[in-house]
Amino acid sequence: MSSFRWSIFSMYTLIVVIITVNNVTRFNEQTFANLFIPSLPATAEEHAKVPTDPDLLLSVPFYVYEDEFLKDDSVWNITGMYDFYMTKLPKKNSTNGTNAFMELAETFKYEKHAGDIHFIRSALQHPMRVLNPEDAKLFVVPTLLQRIIVQFGYKPEAEKEQARKLILNANEVLRASPWFQRYDGADHIAPISLWKTDKSIAKYFDLLTRCNVVQFHETGIENAAGQNYIHPNYQQNRTMFKIFYVGSPCNVTSFAEKTQDFAFIGTMQRGRGRNYLLQTRRNACEWMTHSTNYSYSVCGTGDRCPNLSQALVGLHTKGDSPGANRLFDTLLSGTVPVFTNKLQYLTQSDFYDWDMLSYFANAENKTDFLDHMDKILSNRTDIEVKTKNVLENRDLFDWQTLVPFDIYMYHLQAKLYPEIPLVNSSKYSALILPK
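Owing to the predicted nature of the structure, the values given are computational and were not obtained by experimental measurement. (Residues numbered from 1 in each chain as written. Predicted model: local features only at pLDDT ≥ 70, side-chain atom pairs only at ≥ 80, totals over all residues. Heavy atoms only, no water.)

### Re the packing of helix α7 (residues 146–154) against helix α8 (residues 157–175)
Link 1 in the chain: The interhelical angle for the contact between α7 and α8, taken along N-to-C directions, is 140°, at an axis separation of 8 Å. For the element pair α7 / α8, the angle class is oblique. Where α7 crosses over α8, the two elements pack in a sense that is left-handed. Side by side, α7 and α8 meet where Arg147, Ile148, Gln151 and Phe152 of the first sit next to Glu159, Lys160, Gln162, Ala163, Arg164, Leu166 and Ile167 of the second.
Link 2 in the chain: Of the residues in the contact of α7 with α8, the class split is five nonpolar, two polar and four charged. (Axes fitted to C-alpha atoms, helices over the stretch in contact; angles between N-to-C directions. Helix = DSSP H or I, 4+ residues; strand = E, 2+ residues; numbered from the N terminus. Parallel < 35°, antiparallel > 145°, perpendicular 65-115°, else oblique. Left-handed = near helix turned anticlockwise from the far one by under 90°. Contact = heavy atoms within 4.5 Å. Nonpolar A, V, L, I, M, F, W, Y, C, P; charged D, E, K, R; others polar.)

### What to know about the packing of helix α5 (residues 98–107) against helix α6 (residues 115–125)
Link 1 in the chain: For the pair α5 and α6, the least separation of the axes is 10 Å and the interaxial angle reads 125°. Overall, the two elements α5 and α6 adopt an arrangement that is oblique. In terms of crossing hand, the pair formed by α5 and α6 is left-handed. Side by side, α5 and α6 meet where Thr98, Phe101, Met102, Leu104 and Ala105 of the first sit next to Ile117, His118, Ile120, Arg121, Leu124 and Gln125 of the second.

### Here we look at the packing of aromatic side chains
Link 1 in the chain: Evaluated as defined, the whole model comprises 28 aromatic pairs.
Link 2 in the chain: Between Tyr63 and Phe139 the ring centres are 6.2 Å apart and the planes differ by 65°, which places this aromatic pair in the edge-to-face class. Placement of the pair is Tyr63 in strand β1 (residues 62–64) and Phe139 in strand β3 (residues 138–140), with a sequence separation of 76 residues. For the pair shown, Tyr63 and Phe139 are each scored as buried.
Link 3 in the chain: Geometry around Tyr359 places Lys386 over its ring, the cationic atom sitting 4.1 Å from the centre. (Phe/Tyr/Trp six-rings, centres within 6.5 Å; stacked < 30°, edge-to-face > 60°. Buried < 20%, exposed > 50% of the residue type's maximum accessible area, 1.4 Å probe, protein only. Lys NZ or Arg CZ within 6 Å of the ring centre and 35° of its normal.)

### A few points about the environment of Asp73
Link 1 in the chain: Within the secondary structure, Asp73 is located in the loop between α3 (66–70) and α4 (78–84).
Link 2 in the chain: Put simply, Asp73 and Gly97 are 24 residues apart on the chain and 7.9 Å apart in space, counted from C-alpha to C-alpha.

### With respect to the state of the cysteines
Between two cysteines, a covalent bond joining their sulfur atoms is known as a disulfide.
Link 1 in the chain: If you walk through the whole model with that rule in mind, you get two disulfides.
Link 2 in the chain: Here Cys250 engages in a disulfide with Cys305; their sulfurs sit 2.0 Å apart. What sets the handedness of the Cys250 and Cys305 disulfide is the S-S torsion sign, and at about -90° it is left-handed. One end of the pair, Cys250, is in the loop between β6 (240–242) and β7 (260–265); the other, Cys305, is in the loop between β8 (296–300) and β9 (311–316), and 55 residues separate them in sequence.
Link 3 in the chain: Cys250 gets classed as buried once you look at its relative accessible area, which sits at 4%.
Link 4 in the chain: Residue class for Cys305 comes out partly exposed when judged on its relative accessible area of 35%.
Link 5 in the chain: Shown here is the disulfide that connects Cys285 with Cys299, its sulfur atoms set 2.1 Å apart. Since a negative S-S torsion denotes a left-handed disulfide, the Cys285-Cys299 link at about -90° is left-handed. One end of the pair, Cys285, is in helix α11 (residues 279–290); the other, Cys299, is in strand β8, and 14 residues separate them in sequence. For the pair shown, Cys285 and Cys299 are each scored as buried.
Link 6 in the chain: Along the protein chain, the cysteines engaged in disulfide bonds are linked according to the scheme 1-4, 2-3 when indexed in sequence order. (Disulfide = S-S within 2.5 Å.)

### Let's talk about the nonpolar core
Link 1 in the chain: Judged by nonpolar contacts, the single largest core of 116 residues is most densely connected at Trp76 and Val313.
Link 2 in the chain: Excluding anything up to four places from it in sequence, Val313 contacts Asp261, Phe262, Ala263, Thr335, Val336, Val338, Tyr359, Met373, Ile376, Leu377 and Ile383.
Link 3 in the chain: With six residues, the next largest nonpolar core counts Cys250, Ala263, Val298 and Leu308 among its residues. (Core = buried A, V, L, I, M, F, W, Y, C linked by side-chain atoms within 4.5 Å.)

### What about the sheet that holds strand β2 (residues 129–130)?
Link 1 in the chain: Reading across the sheet, the six strands line up as β2-β1-β3-β4-β5-β6 and stay open at both edges, with parallel pairing between neighbours. Edge positions in the sheet fall to β2 and β6, since each of these pairs with one other strand and no more.
Link 2 in the chain: Here β1 pairs with β2 via two bridges, running parallel. Counterpart to Tyr63 in the pairing with β2 is Val130.
Link 3 in the chain: Across the sheet, helix α17 (residues 403–416) is in contact with β1, β3, β4 (188–192), β5 (212–215) and β6; its angle to β3 comes to roughly 140°. (Pairing = 2+ DSSP bridges.)

### Details of the sheet that holds strand β10 (residues 336–339)
For sheets, the rule is that strands pair by backbone hydrogen bonds, running either parallel or antiparallel.
Link 1 in the chain: Taken together, five strands build an open sheet; the order of strands is β8-β7-β9-β10-β11 and the sheet is parallel. Looking at the sheet topology across the chains shown, the edges are occupied by β8 and β11 (359–360).
Link 2 in the chain: Bridging between β7 and β8 involves three bridges; their strand directions are parallel. Of the residues in β8, the one forming a bridge with Ile265 is Gly300.
Link 3 in the chain: Taken strand by strand, helix α15 (residues 366–377) contacts β7, β9, β10 and β11, and its axis lies near 155° from that of β9.
Link 4 in the chain: Each of β9, β10 and β11 touches helix α16 (residues 380–392); the most contacted strand, β10, lies at about 105° to it.

### Focus on the pattern of salt bridges
Link 1 in the chain: Evaluation of the coordinates by the stated rule reveals 14 salt bridges.
Link 2 in the chain: Its salt-bridge partner being Glu66, residue Lys71 comes within 3.8 Å of it at the nearest N-O pair.
Link 3 in the chain: For Lys71, a relative accessible area of 47% translates into the label partly exposed.
Link 4 in the chain: Two residues, Glu106 and Lys109, come together in a salt bridge whose shortest N-O distance is 3.6 Å.
Link 5 in the chain: Sharing partners across several salt bridges, the network here consists of Glu66, Asp67, Lys71 and Arg129. (Salt bridge = Lys/Arg side-chain N within 4 Å of Asp/Glu carboxyl O.)

### Some points on the side chain of Ser248
Link 1 in the chain: Tracing the chain through its elements places Ser248 in the loop between β6 and β7.
Link 2 in the chain: What makes Ser248 buried here is its relative accessible area of 12%.
Link 3 in the chain: Apart from the residues lying within four places of it in its own chain, the contact partners of Ser248 are Tyr110, Arg304, Asp329, Leu332 and Ser333.

Right under this line is the structure:
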């Protein structure tokens, strides 16, 4: 090689080395220092947009793995999901794909554990969604795991094997994604609306456990700490948001037309040795119906509508666990809920000012409970204020709107892209914004 060509080669090599070292140094400073957390690109603010809907907060674009998950029946078999729900409603579609998924979302729109379905439906409809992953700053993994979790936890081996095949295929989708590999899933988020039944998701869909999650999580139940779907090695650098139940609304009754002081509508007996779990609600109804003169139409089993919407307050008592879809039935029906156990607050995300929207009455003690309820129901003016707050903030808890999805995504945006200015106000007075 001539000395001139050798000089050119040496200069080129030196330039490549300098660029490489600079890139490695920049990666180490920006990314490795916060292990698994994606760095905000220098152009991030250019990608931040003003949402087309003024009620929405998310301002960075996101991509949904629609084709990869919803349109491939080797990953999610949506027809099979209809079969899973057959005991409740008849199957209406025999084809896979997004249309079938949207039909599934509509058919089971008030299924209490369908928060994952509505999270994904909202992602498909949100104005900040982009179709080109190169334009995205966040990524939604449309995990429809209800049926699979049930199969692993409660079904025979043949169904477990079917579930294993599906989530192994789903795992390979993420493994093949350059967007997932770029930050090891740190800018990805996935919904999971059922509790852990075993370790199968972590074993066969291990890449999911590197994502942020919006998941079922109950404080105060057995092994609550172990319910987090995020892998323990990633929990310090990922976010676990608590998903809330899907509520079923009654037609709202105006405050002036409410006819009853309180209501509780729910099962009062539980079989298979679990009846003790409902003792609190049986106590609350007995105390309220036998020791006070406050009016009610139902305290126990009965018709939810219109009884719930016609009451000034609705009792939120624990059942199998502290949380329940009853809380969201109450809010969506325009009635002020009464929490009856402190653990019920910990079951919810910390995005909401519950003091604005609810009351507390300690149902673990008869004297405390009746004293609290008397103070609540004797102040009709305050109930009217809280009823107004409930109605004005109703969309925060309505999975049929885009608002719940938008709030989860905005909180993730605030964590991953702190350089983007935060909004300082919202139309929802009970929404606690990140700071």
